[in-house]
Amino acid sequence: MRMVDIIAKKRDGKHLSKEEIHFVIDGYTNGQIPDYQMSAFLMAVFFQGMSSNETAKLTMAMVKSGDQIDLSGIEGVKVDKHSTGGVGDTTTLILAPLVSALGIPVAKMSGRGLGHTGGTIDKLEAVQGFHVEISEQQFIELVNQNKIAVVGQSGNLTPADKKIYSLRDVTATVNSIPLIASSIMSKKIAAGADAIVLDVKVGAGAFMKQLDDARELANAMVEIGNQVGRKTLAVISNMEQPLGYAVGNALEVKEAIETLQGKGPADLHELCLVLGSKMVVLAGKANSEEEARTMLEEVIANGKALQVFKQFLSAQGGDPSVVDDVTKLPQATYQIPVNSTESGYISGIVADEIGVAAMLLGAGRATKESEIDLSVGIVLHKKIGDAVEAGESIATIYSNTEEVDDVINRIMKAYDYSKDKPSPMPLIYNL
Ligand code: URA
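About the criteria used
- Residues numbered from 1 in each chain as written.
- Predicted model: local features only at pLDDT ≥ 70, side-chain atom pairs only at ≥ 80, totals over all residues.
- Heavy atoms only, no water.
- UniProt positions renumbered as here; feature names shortened; annotations may be inferred.
- Helix = DSSP H or I, 4+ residues; strand = E, 2+ residues; numbered from the N terminus.
- Rg over C-alpha atoms; globule rule 2.2 N^0.38 Å.
- Buried < 20%, exposed > 50% of the residue type's maximum accessible area, 1.4 Å probe, protein only.
- Contact = heavy atoms within 4.5 Å.
- Areas by Shrake-Rupley, 256 points an atom, 1.4 Å probe, with all protein chains shown as cover.
- Lys, Arg positive; Asp, Glu negative; His and termini not counted.
- Charge placed at Lys NZ, Arg CZ, Asp CG, Glu CD.
- Expected span 1.5 Å × (residues − 1).
- Salt bridge = Lys/Arg side-chain N within 4 Å of Asp/Glu carboxyl O.

The name given to the chain in an unreviewed UniProt entry is Pyrimidine-nucleoside phosphorylase, and the organism recorded there is Lederbergia wuyishanensis. As its UniProt record puts it under Function (unreviewed entry), the chain is described as follows: "Catalyzes phosphorolysis of the pyrimidine nucleosides uridine, thymidine and 2'-deoxyuridine with the formation of the corresponding pyrimidine base and ribose-1-phosphate." UniProt, in its Subunit (unreviewed entry) section for the chain, records the words "Homodimer."

Written as structure tokens, this is what we have:
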């Protein structure tokens, strides 16, 4: 087999066989295929696309390029959830204890992220003592015992994806549905999921800006999952504005606790119930999403989900008393209000701008080496559709410096106003 022939075949819009796809992925991962040939191949995929069958084969070739986590020692269906990323997305912190409270094993492998705020692990580390440095054996024991554990990314998962993603980044080939879908799904499958619930975000603050693109990505990922024997469901959710009110690590933990207490922001609460219901159905604990939703509402109302969260924190060295006293979370020195200069209604909040403002405060990493400040961030007071008077506070900045002019300007620029109340936007879109 020759790489040049495979490039030409894809360039001409033909279908690649399993052997050809493996040749490309294995050869590129082990260094036999050079960057220039892989770049040409990726561009051919970008223009010609891939069938769902080819995309599933590409996904499995990337899964097999490295280690795969074996969760077979854990009883029950291991359902994972993945979000394509947004601003203020605290759903994992809520969903994990929520579905675990129904006896569903949550064996989550999470990362520290680059971006507006930290990843799930950074957020959890806002709880004093909490750590994810546990062996694979301990991880499996904890899940069997408590039905929930989170471990940091370890081992050599999907090295092909890491190498290909870096090349896509510099060859203008990131935005290709088969490449994105296989990249995301390969990581979930290598991490051992039996079933997967996907939250594909759409809007100004999301990777997918258009609904049609989000639908295409969601359907491509569902097809991959189902073709490779992992039951997969997807939700498309709105990211025209940040989810919930808090953007920042400790601030999001506080919001997650409030949501587990049934006192969270309406959009975050609803999205967790929608995603959670699908997870419960995939785990085989309910026959319908309606039944699953009632079960989830019950464990929020009777305090069981919150209890599971406390037990989970404690099992991994964290101080569970933060749940009853959130002032034990890292606190920023200054709280600086951002006031509206206009009266009317909020008609838009550019989620990305709020995310970048939080990152400027230190809530997220600009590079892998950056240190995160877990205490800082932004809490919005007004969301789309809310009435506002000039001089009223639209947000509070939590900061460890008083020099936040840049952050204030970004937040103010992120907000749009209208004279009339805008019509409500859906939180969830049909697939
Ligand atoms: N996220 C991923 O993990 N991969 C992509 O290709 C795009 C977003």
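S.K.: Which parts of the structure should I look at to understand the overall build of the chain?
M.R.: A count of helical and extended segments in the chain gives 16 helices and 13 strands. Its C-alpha atoms give the chain a radius of gyration of 22 Å, near enough to 22 Å, the size a compact globule of 431 residues would have. Projected onto its principal axes, the C-alpha positions of the chain cover 65 × 50 × 40 Å. When each of the 431 residues of the chain is scored for burial, the buried share is 55%. For the chain, the share of sequence-separated contacts (at least 6 apart) that also reach a separation of at least 24 residues comes to 78%. Total accessible area computed for the chain in this model is approximately 17,800 Å², and 48% of it derives from carbon and sulfur atoms. Of note, the chain has its 40 positive side-chain charges centred 6 Å away from the centre of its 54 negative side-chain charges.

S.K.: Whenever I open this one, helix α14 (residues 304-315) confuses me. Can you help?
M.R.: Owing to its 3.6 residues per turn, the α-helix aligns residues three or four sequence positions apart on the same side. When the terminal C-alpha atoms of α14 are compared, their 16 Å separation across 12 residues agrees well with the 16 Å that a helix rising 1.5 Å per residue should span. Every buried residue of α14 is accounted for by Ala305, Leu306, Val308, Phe309, Lys310, Phe312 and Leu313. For α14, the elements touching its buried residues are α5 (91-100), α6 (120-124), β3 (148-152), α11 (249-260) and α13 (289-301). Downstream of α14 by one or two residues, Gly317 has phi in the positive range, about 85°.

S.K.: Looking at this structure, how should I read the pattern of salt bridges?
M.R.: Side chains carrying opposite charge are able to pair once their charged atoms draw close together. Summed over the entire model, instances satisfying the criterion amount to 21 salt bridges. In this structure, Glu54 and Lys10 form a salt bridge, with 3.1 Å as the shortest nitrogen-oxygen distance. With Glu54 in helix α4 (residues 52-63) and Lys10 in helix α1 (residues 3-11), this pair connects stretches of sequence that are 44 residues apart. Relative accessible area serves as the criterion here: at 1%, Lys10 is assigned to the buried category.

S.K.: Just to check I follow, could you spell out the UniProt feature "domain: Pyrimidine nucleoside phosphorylase C-terminal" (unreviewed entry) in the chain for this structure?
M.R.: Per the UniProt record, the feature "domain: Pyrimidine nucleoside phosphorylase C-terminal" (unreviewed entry) sits at residues 345-418. Between the end C-alpha atoms of residues 345-418 there is a gap of 5 Å, over a span that is 28% helix and 30% strand.

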